[in-house]
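Secondary and tertiary structure notes
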Amino acid sequence: MTRTDGYLLDNRQAEAGQRFDALSALFDPSTFRHFDRLGVGPGWRVWEVGAGGTSVIGWLAKKVGPTGRVLATDIDISWAADAARPPVQVLRHDVGAEEPPGEGFDLVHARLVLVHVPDRERALRSMVRALRPGGRLLVEDADPALQPLICPDEHGPEQQLANRLRHGFRALLAERGADLTYGRRLPRLLREAGLSQVEADAYFPVSSPACAALELATVQQVREKLVAAGYATDADVERHLANVAGGSMDLATSPMISAWGRKA
């Protein structure tokens with residue numbers, strides 16, 4: 001994940017690995033379905049932007065095989081470093097501030113990355129520039145403002161507390177430059193970047209063990225900032241974590257909007 005000094009969900013924190021695991025469980029099936037639709041196969045050259053963990057890198061490596069290449073980049077490569085073996089190369093790179101690390105890619109993909117990048121416009125241009133003619137761009141990003149609740153069915157005090165903490169979390173993201181309405185604009189942005197055959201869909205998990213695991217890791221990761229900013233007390237956070245761990249809450253995620261297009 002690309003970050004600045006103000007990035008809220010720092011990959012160097014211990015909870016980052018738990019978040020990566022939960023995000024993989026929630027969103028890998030949708031991402032892999034899009035990869036299959038785009039025809040990823042032997043010999044493809046792929047740039048995975050803001051790789052974070054290894055699940056997507058590993059899937060791509062199997063698909064492109066020994067004749068292909070997967071370039072996995074991130075500003076913090078500590079979680080992806082173990083995947084650095086052919087056909088995978090892992091490189092430290094800031095997509096919002098540096099030139100593309102290569103060109104002629106058949107596919108460039110970023111998931112839950114650009115919403116956090118300060119210069120999203122530059123990052124998107126960089127990703128398009130790295131494609132070969134006919135290459136495909138797939139960008140998948142959240143739209144927290146489209147569905148702002150962690151508990152869409154707010155029927156009791158536990159759900160009300162959860163949604164109050166979620167409101168604080170979203171405020172912290174916005175204060176650090178995250179664009180909470182970015183996902184919905186992706187189709188237009190891809191067309192404006194010159195891509196053709198642009199399509200999009202959305203994936204919206206509503207209740208699963210992975211939603212709970214993601215919420216536990218996320219709140220633990222940002223609890224000090226929530227309390228310091230006055231969005232919650234330590235007692236609020238402890239009560240919410242216990243409620244989530246109890247397993248009786250239906251927790252949702254923000255919709256992940258996937259948009260894809262072809263370079264002329």
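Analysis parameters
- Residues numbered from 1 in each chain as written.
- Predicted model: local features only at pLDDT ≥ 70, side-chain atom pairs only at ≥ 80, totals over all residues.
- Heavy atoms only, no water.
- Pairing = 2+ DSSP bridges.
- Helix = DSSP H or I, 4+ residues; strand = E, 2+ residues; numbered from the N terminus.
- Axes fitted to C-alpha atoms, helices over the stretch in contact; angles between N-to-C directions.
- Contact = heavy atoms within 4.5 Å.
- Phe/Tyr/Trp six-rings, centres within 6.5 Å; stacked < 30°, edge-to-face > 60°.
- Buried < 20%, exposed > 50% of the residue type's maximum accessible area, 1.4 Å probe, protein only.
- Lys NZ or Arg CZ within 6 Å of the ring centre and 35° of its normal.
- Disulfide = S-S within 2.5 Å.
- 1 Å grid on protein atoms, 1.4 Å probe; cavity = no way out; pocket = protein on both sides within 12 Å on 5 of 7 lines; lining within 4 Å.
- Points joined across faces, edges and corners; volume = space filled by probe spheres on them.
- Nonpolar A, V, L, I, M, F, W, Y, C, P; charged D, E, K, R; others polar.
- Parallel < 35°, antiparallel > 145°, perpendicular 65-115°, else oblique.
- Left-handed = near helix turned anticlockwise from the far one by under 90°.

**Describing the sheet that holds strand β5 (residues 131-142)**
- Strand order in the open sheet formed by 7 strands is β3-β2-β1-β4-β5-β7-β6, with mixed pairing between adjacent strands. Each having just a single partner strand, β3 (88-92) and β6 (196-203) make up the two edges of the open sheet. Looking at each pair of strands side by side, their axes are set apart by 15° on average, direction ignored.
- Here 5 bridges tie strand β2 (residues 69-74) to β3, and the two strands are oriented parallel to one another. Pairing of T73 across the sheet is with L91, part of β3.
- In the packing of helix α1 (residues 15-38) onto the sheet, the strands contacted are β1 (45-49), β4 (105-111), β5, β6 and β7 (256-262), and the crossing angle to β4 comes to about 155°.
- Against the sheet, helix α2 (residues 55-64) engages β1, β2, β3 and β4, with an angle of about 165° to β2.

**Observations regarding the packing of aromatic side chains**
- For the coordinates displayed, the defined rule picks out 6 aromatic pairs.
- With 6.3 Å between their ring centres and 25° between their planes, F32 and F35 make a pair best called stacked. Placement of both F32 and F35 in helix α1 is noted, with a separation of 3 residues, approximately one turn of the helix. Side by side, F32 and F35 carry an identical accessibility label, which is buried.
- Judged by centre distance (6.0 Å) and plane angle (35°), the ring pair of W47 and F105 falls under tilted. On the criterion of sequence distance, the pair formed by W47 in strand β1 and F105 in strand β4 is long-range, its members being 58 residues apart. Across the pair, exposure class does not vary: W47 and F105 are buried alike.
- Joined through ring pairs, the aromatic side chains of F32, F35 and W59 make up one cluster.
- Over the face of the ring belonging to Y182 we find R120, whose NZ or CZ atom lies 6.0 Å from the ring centre.

**Section: the side chain of T218**
- Tracing the backbone shows T218 in helix α6 (residues 209-228).
- Classification of T218 by relative accessible area gives buried; the value is 4%.

**Observations regarding the side chain of S30**
- Relative to the elements of secondary structure, S30 occurs in helix α1.
- Since its relative accessible area comes to 1%, S30 is described here as buried.
- Ignoring any residue separated from it by four or fewer positions in sequence, one finds S30 in contact with Y203 and M256.

**Quick notes on the state of the cysteines**
- Scanning the model with the defined rule gives 0 disulfides in all.
- The thiol of C151 is unpaired, and the distance to the nearest cysteine sulfur, on C211, comes to 10 Å.
- According to the relative accessible area criterion, C151 is buried, its value standing at 0%.
- Given a relative accessible area of 3%, C211 falls into the buried group.

**Focus on empty space enclosed by the protein**
- A complete count under the given rule lists 3 cavities of 30 Å³ or more for this structure.
- Roughly 630 Å³ of volume is contained in the largest cavity.
- R19, L23, F27, L112 and L214 are, among the 40 residues lining the largest cavity, the residues nearest its centre.
- Listing elements by their share of the lining of the largest cavity, those giving two or more residues are α1, α2, α4 (157-175) and α6.
- For the lining of the largest cavity, the leading source of residues is α1, giving 5 residues.
- The class makeup of the residues in the lining of the largest cavity is 23 nonpolar, 11 polar and 6 charged.

**Some thoughts on the packing of α1 against α6**
- Across the interface, α1 lies against α6 with an axial gap of 8 Å and an inter-helix angle of 155°. On the basis of the axis angle, α1 is roughly antiparallel to α6. Pair α1 / α6 crosses with left-handed handedness. Between α1 and α6, the residues in contact are E15, A16, Q18, R19, A22, L23, A25 and L26 and A210, C211, A213, L214, A217, T218, Q220 and Q221, respectively.

Remember that the coordinates give geometry; whether it matters functionally is a separate question.
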